[in-house]
Amino acid sequence: MSNAPHDPHFETLAIRTQTPLSAEREHSVPLYLTSSFQFDDAEHARALFAEEMPGNIYSRYANPNTDELVRKLCLLEGGDDGIATASGMSAVFTAIAARVSSGDHVLASRALFGSTHQLFTRILPKWGVASDYADVSDPSSWERLLRPNTKLIFIETPSNPGLELIDLEWLGALAQSRGIPLVVDNCFATPYLQRPLALGASVVIHSATKYMDGQGRALGGAIIGTKEYLADCRFFARHTGPAMSAFNAWLLSKSLETLAVRMDRHCSNAMTLAQHFEGHPMLEAVRYPFLPSHPQYALAQRQMSQGGGIVVLVLKGGLEAGRRFLDRVRMVSHSANLGDTRTIVTHPASTTHSKLTPAEREAVAISDGLIRVSVGLEHVTDIIADLEQALGS
Ligand SMILES: *Cc1c(COP(=O)(O)O)cnc(C)c1O
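The rules behind each value
- Residues numbered from 1 in each chain as written.
- Predicted model: local features only at pLDDT ≥ 70, side-chain atom pairs only at ≥ 80, totals over all residues.
- Heavy atoms only, no water.
- Near = heavy atom within 4 Å.
- Polar contact = N/O pair within 3.5 Å; in protein donor to acceptor, adjacent residues only side chain to side chain.
- Areas by Shrake-Rupley, 256 points an atom, 1.4 Å probe, with all protein chains shown as cover.
- Nonpolar A, V, L, I, M, F, W, Y, C, P; charged D, E, K, R; others polar.
- UniProt positions renumbered as here; feature names shortened; annotations may be inferred.
- Helix = DSSP H or I, 4+ residues; strand = E, 2+ residues; numbered from the N terminus.
- Contact = heavy atoms within 4.5 Å.
- Core = buried A, V, L, I, M, F, W, Y, C linked by side-chain atoms within 4.5 Å.
- Buried < 20%, exposed > 50% of the residue type's maximum accessible area, 1.4 Å probe, protein only.
- Domains from an automatic or database assignment.
- Axes fitted to C-alpha atoms, helices over the stretch in contact; angles between N-to-C directions.
- Left-handed = near helix turned anticlockwise from the far one by under 90°.
- Disulfide = S-S within 2.5 Å.
- Buried area = accessible area lost by both parts, 1.4 Å probe.
- Salt bridge = Lys/Arg side-chain N within 4 Å of Asp/Glu carboxyl O.
- Pairing = 2+ DSSP bridges.
- Right-handed = clockwise from strand over helix to strand, strands pointing away.

A.B. asks: So what's going on with the site of the ligand? Which residues, and what values?
C.D. replies: The local shell around the ligand consists of Ser87, Gly88, Met89, Phe113, Glu156, Asn160, Asp185, Cys187, Ser207, Thr209, Lys210 and Gly220. Backbone polar atom of Gly88 to an oxygen atom of the ligand: 2.8 Å apart, as the coordinates give it. Interatomic distance of 2.8 Å between a backbone N/O atom of Met89 and an oxygen atom of the ligand. Protein burial of the ligand: of its 380 Å² of free accessible surface, 91% is covered by the chains. Looking at the shell around the ligand residue by residue, the classes come out as 3 nonpolar, 6 polar and 3 charged.

Structure, rendered in structure tokens:
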């Protein structure tokens, strides 16, 4: 046995990263519900505003609760700096808007979260920022679509809801060779399963609403990455105001204390469920990154430590079969969130992606019979039983 000092592990960092004790010597960190902070004197106020010293000024800039969450996420993701935002989408928007100007270009993966797709196609073009989508199935498309004015590459892996993967090491190397930051929405994997910054990304985005909260209570987001990139995000956020509330930061930081144990169970339940349903007579396919039948199984094994908590079931019978299935589930929830303790099913073709044509849906791996199962922490036997009865078997 060696007594050599070692770096703390993920679980320890998630639990032991805490705002310094107040004079009350509390064990669990208190809530700092204050809009502003007091200055000792005129010189103190001047120095804080001039950013000559660190310290609290106003909760739109920083707050002890959001600082704790950000420090923890930097340690878990391996980032130098970060900011917390009110939602995952405000993190996505800030990370892009802080870095682009009119005339710039952004390259993104085609399979994107619905609101991120709206941002690229409906909002950024109003300000003269163009974008292109590259296809996972065509690796050469990435290089071909890069332009001299491409300011960042934005991707999701695994994608929501199609569970397509992108090779982070490969794309990170391409981005670095061109001097373009790679921004990764790491919502599905969380830093417990995948650390994009160690594989070549410059920035990681989170919807903390999902696995970080883990219990479907609060919205939140975060941007973690290099000092240089985050300096632009901090300036932008400070003056445009997507700040996370102190209460949500407090809640989310406490939730991170249990992220590792929750993810272990989400993943083992998802794996059991995926294996159970693979080959089911009512299903066309089961998709899960850690099933050997997943087209990118080898990549999943390389860049993720486990397969995650989302399983895709593709029902035979398309749209109608999907709708029927949702009307028949009893215990599991039909809701739009994911990453909750409660198992949640959604049918993208009739809801989030209903405005796309079937061909457009196919291009992002969403077939009409696709059901996204966010596998919760109920006993896996009970989850499987409910899905079985809903399938009508
Ligand atoms: C939910 C989600 C978002 C948006 O996060 P909000 O907290 O809902 O704003 C972004 N990306 C992915 C992959 C998501 O699942």
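A.B. asks: Let's hear about the UniProt feature "modified residue: N6-(pyridoxal phosphate)lysine" (unreviewed entry) in the protein: which residues, and what values?
C.D. replies: Under the UniProt annotation, the feature "modified residue: N6-(pyridoxal phosphate)lysine" (unreviewed entry) is placed at Lys210. One can find Lys210 in the loop between β6 (203-207) and β7 (221-225). Lys210 has contacts with Phe113, Cys187, Asn337, Leu338 and Gly339, leaving out every residue within four places of it along the chain.

A.B. asks: Which residues make up the nonpolar core, and what values do they have?
C.D. replies: By size, the foremost hydrophobic cluster in this structure holds 81 residues, and its most contacted members are Ile153, Leu313, Phe325 and Leu387. No other element matches helix α11 (residues 259-277), which puts 8 residues into this core. Each of domain 1 (10-256) and domain 2 (260-391) accounts for three or more of the residues forming this core. Ignoring any residue separated from it by four or fewer positions in sequence, one finds Phe325 in contact with Leu315, Val345, Ile371, Leu387, Ala390 and Leu391.

A.B. asks: Pulling in residues and values, what's your account of the packing of α11 against helix α15 (residues 380-391)?
C.D. replies: It is at 10 Å that the axes of α11 and α15 come closest, and there the two elements cross at 35 degrees. Remark: the crossing between α11 and α15 carries right-handed chirality. Along its contact with α11, which presents Asn269, Thr272, Leu273, His276 and Phe277, the element α15 presents Val380, Ile383, Ile384, Leu387, Glu388 and Leu391. Partitioned by chemical class, the residues of the contact of α11 with α15 number 7 nonpolar, 3 polar and 1 charged.

A.B. asks: Kindly report on unusual backbone geometry, identifying the contributing residues and their values.
C.D. replies: Residue Pro158 is bonded to the preceding Thr157 through a cis peptide linkage, with omega at -10 degrees. Within the element layout of this structure, Pro158 appears in the loop between β4 (150-156) and α7 (168-178). The omega torsion across Asn160 and Pro161 is 0 degrees, close enough to zero to call that bond cis. With respect to the helices and strands, the residue Pro161 is situated in the loop between β4 and α7. Positive phi values are uncommon outside glycine, yet Arg25 reaches one of about 55 degrees. Along the chain, the position of Arg25 falls in the loop between α1 (10-16) and α2 (42-49). Despite not being glycine, Thr190 shows a phi value in the positive range, around 65 degrees.

A.B. asks: So what's going on with the state of the cysteines? Which residues, and what values?
C.D. replies: Applying the stated rule across the entire model yields 0 disulfides. Cys187 takes part in no disulfide bond, and the closest cysteine sulfur, belonging to Cys267, lies 13 Å away. A relative accessible area of 8% places Cys187 in the buried class. Unpaired in this structure, Cys233 has its nearest cysteine sulfur neighbour in Cys74, at a distance of 12 Å. A residue is classified by how much of its surface remains accessible, and Cys233, at 0% relative accessible area, is buried.

A.B. asks: Mind laying out the domain arrangement of the protein, listing which residues take part and the relevant values?
C.D. replies: Domain parsing of the protein yields domain 1 (10-256) and domain 2 (260-391). On a C-alpha basis, the centres of domain 1 and domain 2 stand 27 Å from each other. For the domain 1 and domain 2 pair, buried surface summed over both sides reaches about 2800 Å², with 60% attributable to carbon and sulfur atoms. For the pair domain 1 and domain 2, the number of links is 1 salt bridge. A salt bridge links Arg302 to Asp167, with the shortest nitrogen-to-oxygen separation between them at 3.0 Å. Here domain 1 is connected to domain 2 by 14 residue pairs in polar contact (both at pLDDT 80 or more). Elements with a contribution of two residues or more to the side of domain 1 that touches domain 2: α1, α7, α8 (190-193) and α10 (246-256). Sort the elements by how many residues they give to the side of domain 1 that touches domain 2 and α8 lands first, with 3 residues. Residues of the side of domain 1 that touches domain 2, tallied by class, amount to 18 nonpolar, 10 polar and 7 charged.

A.B. asks: Explain the side chain of Arg372 to me, using residue names and the numbers behind them.
C.D. replies: One can find Arg372 in strand β12 (residues 370-374). At 2.8 Å, the side chain of Arg372 forms a polar contact with the side chain of Asn160. Beyond its immediate stretch of four places on either side in the chain, Arg372 contacts Asn160, Pro161, Ile310, Val311, Ala336, Asn337, Leu338, Ile344, Val345, Thr346 and Pro348.

A.B. asks: Outline the side chain of His353, supporting the account with residue identities and numerical values.
C.D. replies: Take His353: it is sitting in the loop between β11 (344-346) and α14 (358-363). Excluding residues within four positions of it along the chain, His353 makes contact with Leu112, Pro161, Pro348, Arg361 and Ile366.

A.B. asks: Help me get a handle on the sheet that holds strand β1 (residues 81-85), residues and values and all.
C.D. replies: Ordered by their spatial adjacency, 7 strands build an open sheet running β1-β7-β6-β5-β4-β2-β3, and the pairing between neighbours is mixed. The sheet is open, and its two edges are formed by β1 and β3 (130-134), each paired on a single side. The mean inter-strand angle of the sheet, taken between neighbouring strand axes irrespective of direction, is 20 degrees. Bridge count between β4 and strand β5 (residues 182-185): 4 bridges; the pairing is parallel.

A.B. asks: Describe the pairing of β5, and please don't skip the residues or the numbers.
C.D. replies: A two-sided burial pattern is seen for β5, the buried positions comprising Leu182 and Val184 on one face and Val183 and Asp185 on the other. A crossover connection joins β4 to the parallel β5 through α7; in handedness this β-α-β unit is right-handed. Relative to β6, β5 runs parallel, the two being bridged by 3 bridges. Paired with Val183 across the bridge in β6 is Val203.

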